[in-house]
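Report on the structure
Chain by chain, the residues run as shown.
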There are 2 protein chains.
Amino acid sequence: VSPSPDHKELSRGFVVPIGGAEERAGAMSVLSRFVELCGGSDARLAIIPTASILPDTGDRYVEIFKEAGVGTAFSLAINDRADASDPLWLEMLDEADGIFITGGNQLRLSTILGGTEIAKSIRRLNAAGIHVAGTSAGAAIMPQHMIAGGVPGVLPQADGVNLAPGIGLTNTLLIDQHFSQRNRLGRLLTAISYNPFLIGVGIDEDTAMFIGPDQMGEVVGSGAVTIVDPAELSYTSMSEATKQDSLSLHNLKLHILSEGCRYDVNSRIPYPPEA
Amino acid sequence: VSPSPDHKELSRGFVVPIGGAEERAGAMSVLSRFVELCGGSDARLAIIPTASILPDTGDRYVEIFKEAGVGTAFSLAINDRADASDPLWLEMLDEADGIFITGGNQLRLSTILGGTEIAKSIRRLNAAGIHVAGTSAGAAIMPQHMIAGGVPGVLPQADGVNLAPGIGLTNTLLIDQHFSQRNRLGRLLTAISYNPFLIGVGIDEDTAMFIGPDQMGEVVGSGAVTIVDPAELSYTSMSEATKQDSLSLHNLKLHILSEGCRYDVNSRIPYPPEA
């Protein structure tokens, strides 16, 4: 019951990474769109606040999502590894039409949820059609390979990023968040240069990519999604570089996508907003 | 006597933009390489300190270049438009094997030198084989289109850059400097999106691109040169964007080139260091 990520069947749920600091009152374009996707006033939304050390994060999101029009929202108070195997939370998760993973520290998510029944359930449920969104740390944790930390800056540098295993809802994308606000292009470039099979996705605050079961992602929100695709990388100096060296990376593709733009993860082609 | 920029004859001189803050003592890899190019201990170097409001900038570079091994170095004290037509300075410029334009404010360079005999001479001499280097503001002024200012950040934004005419030693490249140190990818992207016939070149501090008469550029120095090539740009939202909007740019090519890497400006192809 641990299906492969990027399961290509059209019955799988959306994967919705959000770059953090999404609007939490008013129009709430990102959160409202997720609520609508999950079924609106009929939807039951499970919130996983594990990344946050603030005790009220889950309850705050319950209120925010009610304001955004969801039918039912409930928080799963998973704060340690024992919680992450608690049958109560597993049963509640099974009730959900959508799962929302809050921000905080992605290493809390990976160290507390990694390998547990909750993590397996999230993968299984997403493969079975349940939509999963995550903001900030909750976005970082979604791929098979997670950016755990790194140094800010425009350019890549050796040792400029720390990777860890994520939950594995995609094995094609590497996701960074608070992207332009925290000047993270360099660490995303470093991360994809470690093994250029991955596509780097840098998501701005108040911005999301709604990735459908057909692997078409659509940008929603006030910022941009920056895609760095190393498919045609012709030269890299990463293997010989030390921390102080400037790196070389030749023939990267760069796309900057704003609201309404789409990106086909399979073909690696960006599309403009529909007219 | 105002030859077209990017004159393709192999008799023209090198164009050497430097990203500012080049090493000015010790190994001085960038400045020493320029001295060597101009003829080393036989070379006569003319320094144009017009960008700087500090009275000793020209004399300081005379000392620095002597330290770097040049035969003769002299500063042309051009501080206003009258100076820029002074026959004395024009005669001295004609004596030079190489011309070095210091840093400061590129709008001082363009407003004081623009349209003057000195500016025409620099173009004519470069076309005739005299090498021209410029650091910081002196690098920005070199192309036909100059980045005069802009806002820092990773992503492009409408009105995020101010352009002005430069001296016109290249009509293919748009040059930014202090590139990663001052977080200038966004303004370079904005600038090339205004008219995507230009190739964006972002040069780090203590780093230069030595562009030969064959239009092959080689990276020298401790930082990187970032190239953004919009030749295959398939979609841009720049024409409809307002200041607050996130922009979209699809299918840019991105190259990060460190020491020894080369870039063929004609074919737009990067090459790794020679083994």
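Up top is the structure.
Just so you know, these numbers come straight off a predicted model, no measurement behind them.

Another point: the overall build of chain A. The helix and strand inventory of chain A stands at 7 helices and 16 strands. Over its C-alpha trace chain A gives a radius of gyration of 18 Å, about what one expects of a compact globule, namely 19 Å for 275 residues. A buried classification covers 61% of the 275 residues belonging to chain A. Accessible area for chain A stands at about 9,900 Å²; split by element, carbon and sulfur atoms hold 50% of it. In chain A, the 19 positive side-chain charges and the 32 negative ones have mean positions that sit 4 Å from each other.

Further remarks concern the interface of chain B and chain A. Listed by partner, the interface residues are 32 residues for chain B and 32 residues for chain A. Both sides of the chain B and chain A interface together cover about 2,600 Å² of buried area, and 62% of this is carbon and sulfur. Summed over the three residues of chain B that lose the most area to chain A, namely Leu155, Leu254 and Ile256 of chain B, the buried surface amounts to 24% of that side. Inspection of the region where chain B meets chain A yields 16 residue pairs in polar contact (both at pLDDT 80 or more). Contributing elements (two or more residues each) for the side of chain B that touches chain A: α7 (185-194), β14 (249-257) and β16 (269-271) of chain B. By residue number, the principal contributor to the side of chain B that touches chain A is β14 of chain B, which donates 9 residues. When its residues are assigned to classes, the side of chain B that touches chain A shows 19 nonpolar, 11 polar and 2 charged. Sheet analysis places strand β14 (residues 249-258) of chain A next to β14 of chain B, joined by 5 bridges and oriented antiparallel.

All names here are of chain A. An order of β3-β2-β4-β5-β1-β10-β11-β15-β16 is seen for the 9 strands of this open sheet, with the pairing classed as mixed. A single partner strand is all that each edge strand has here, and the edge strands are β3 (72-75) and β16 (269-271). Averaged over all pairs of adjacent strands, the angle between their axes in this sheet comes to 20°, without regard to strand direction. Pairing of strand β2 (residues 44-48) with β3 involves 4 bridges; the strand directions are parallel. When the sheet's bridge partners are listed, Ala46 is paired in β3 with Phe74.

Residues and elements named next belong to chain B. Reading across from one edge, β3-β2-β4-β5-β1-β10-β11-β15-β16 is the order of the 9 strands in this open sheet, with mixed pairing throughout. Edge positions in the open sheet fall to β3 (72-75) and β16, since each of these has one partner strand only. Between one strand axis and the next, the sheet turns by 20° as a mean value, whatever way the strands run. Of the pairings in the sheet, the one linking strand β11 (residues 216-221) to strand β15 (residues 262-264) comprises 3 bridges and is antiparallel in character. Bridging from a neighbouring strand, Glu218 pairs with Arg262 of β15.

Superposition of chain B onto chain A requires a rotation of 180° combined with a translation of 0.0 Å along the rotation axis, giving an RMSD of 0.0 Å. What we have between these two chains is a two-fold relation. Among all residues of chain B, the one whose C-alpha sits closest to the rotation axis is Lys253 of chain B, at a distance of 2.4 Å. Most of the interface of chain B is mirrored in chain A, where 100% of its interface residues again form contacts.

Below, the discussion takes up a negative patch on the surface. Among the surface-exposed residues, Asp56, Asp59, Glu63 and Glu67 of chain A lie close enough to one another that they form a single negatively charged patch. Judged by relative accessible area, which is 35%, Asp56 of chain A ranks as partly exposed.

Tracing the backbone through its elements, the reader meets His255 of chain A in strand β14. Residue His255 of chain A is classed as buried on the basis of its relative accessible area of 0%. Setting aside its immediate chain neighbours within four residues, His255 of chain A contacts Val225, Thr226, Ile227, Tyr263, Arg268 and Pro270 of chain A together with Leu249, His250 and Asn251 of chain B.

Before going further, it helps to examine the pattern of salt bridges. By the definition in use, this model includes 20 salt bridges over all chains. The salt bridge involving Glu117 of chain B is made with Lys120 of chain B; its shortest N-O contact spans 3.5 Å. Residue Glu117 of chain B and its partner Lys120 of chain B are both found in helix α5 (residues 117-127); the two are separated by 3 residues, about one turn of the helix. Overall, the relative accessible area of 37% leaves Glu117 of chain B in the partly exposed class. Of the charged contacts, one joins Arg184 of chain B and Asp176 of chain B as a salt bridge, the two residues approaching to 3.7 Å between their closest N and O atoms. With respect to class, Arg184 of chain B is no different from Asp176 of chain B; both count as buried. Each of Asp176, Arg184 and Arg187 of chain A takes part in one network of salt bridges that share partners.

A full pass over the atoms with the stated rule returns 6 aromatic pairs over all chains. Both rings, one in Tyr61 of chain B and one in Phe65 of chain B, keep their centres 6.0 Å apart while their planes meet at 35°; by these two values the pair is tilted. Of this pair, Tyr61 of chain B and Phe65 of chain B both sit in helix α2 (residues 57-67), separated by 4 residues, roughly a single helical turn. One exposure class covers both Tyr61 of chain B and Phe65 of chain B, and it is buried. Ring plane angle 45° and centroid distance 4.8 Å describe the contact between Tyr61 of chain B and Phe100 of chain B, whose orientation is recorded as tilted. Taken together, the residues Tyr61 of chain B in helix α2 and Phe100 of chain B in strand β4 (residues 98-101) connect sequence positions 39 residues apart. Taken individually, Tyr61 of chain B and Phe100 of chain B each receive the classification buried, so the pair is uniform in this respect. Here a set of aromatic residues connected by ring pairs shows up, and it is made of Tyr61, Phe65 and Phe100 of chain A. We note Arg33 of chain B situated over the ring of Phe210 of chain B; from NZ or CZ to the ring centre the distance is 5.3 Å.

All names here are of chain B. One can describe the packing of helix α3 (residues 87-94) onto α5 by two numbers: an axis separation of 10 Å at closest approach and a directional angle of 10°. With respect to their mutual orientation, α3 and α5 come out roughly parallel. Between α3, through Trp89, Leu90, Leu93 and Asp94, and α5, the contact on the second element is made entirely by Glu117, Ile118, Ser121, Ile122, Arg124 and Leu125. For the contact of α3 with α5, the residue count by class is 6 nonpolar, 1 polar and 3 charged.

Residues and elements named next belong to chain A. The phi dihedral of Asn251 falls on the positive side, at around 70°, and the residue is not glycine. You can see Asn251 is positioned in strand β14. Residue class for Asn251 comes out buried when judged on its relative accessible area of 16%.

The rules behind each value
- Residues numbered from 1 in each chain as written.
- Chains lettered and ligands numbered in written order.
- Predicted model: local features only at pLDDT ≥ 70, side-chain atom pairs only at ≥ 80, totals over all residues.
- Heavy atoms only, no water.
- Helix = DSSP H or I, 4+ residues; strand = E, 2+ residues; numbered from the N terminus.
- Rg over C-alpha atoms; globule rule 2.2 N^0.38 Å.
- Buried < 20%, exposed > 50% of the residue type's maximum accessible area, 1.4 Å probe, protein only.
- Areas by Shrake-Rupley, 256 points an atom, 1.4 Å probe, with all protein chains shown as cover.
- Lys, Arg positive; Asp, Glu negative; His and termini not counted.
- Charge placed at Lys NZ, Arg CZ, Asp CG, Glu CD.
- Contact = heavy atoms within 4.5 Å.
- Buried area = accessible area lost by both parts, 1.4 Å probe.
- Polar contact = N/O pair within 3.5 Å; in protein donor to acceptor, adjacent residues only side chain to side chain.
- Nonpolar A, V, L, I, M, F, W, Y, C, P; charged D, E, K, R; others polar.
- Pairing = 2+ DSSP bridges.
- Axes fitted to C-alpha atoms, helices over the stretch in contact; angles between N-to-C directions.
- Least-squares fit on C-alpha atoms with pLDDT ≥ 70 in both.
- Patch = residues over 30% accessible without salt bridge, like charges linked within 9 Å, V, L, I, M, F, W, Y side chains within 5 Å.
- Salt bridge = Lys/Arg side-chain N within 4 Å of Asp/Glu carboxyl O.
- Phe/Tyr/Trp six-rings, centres within 6.5 Å; stacked < 30°, edge-to-face > 60°.
- Lys NZ or Arg CZ within 6 Å of the ring centre and 35° of its normal.
- Parallel < 35°, antiparallel > 145°, perpendicular 65-115°, else oblique.

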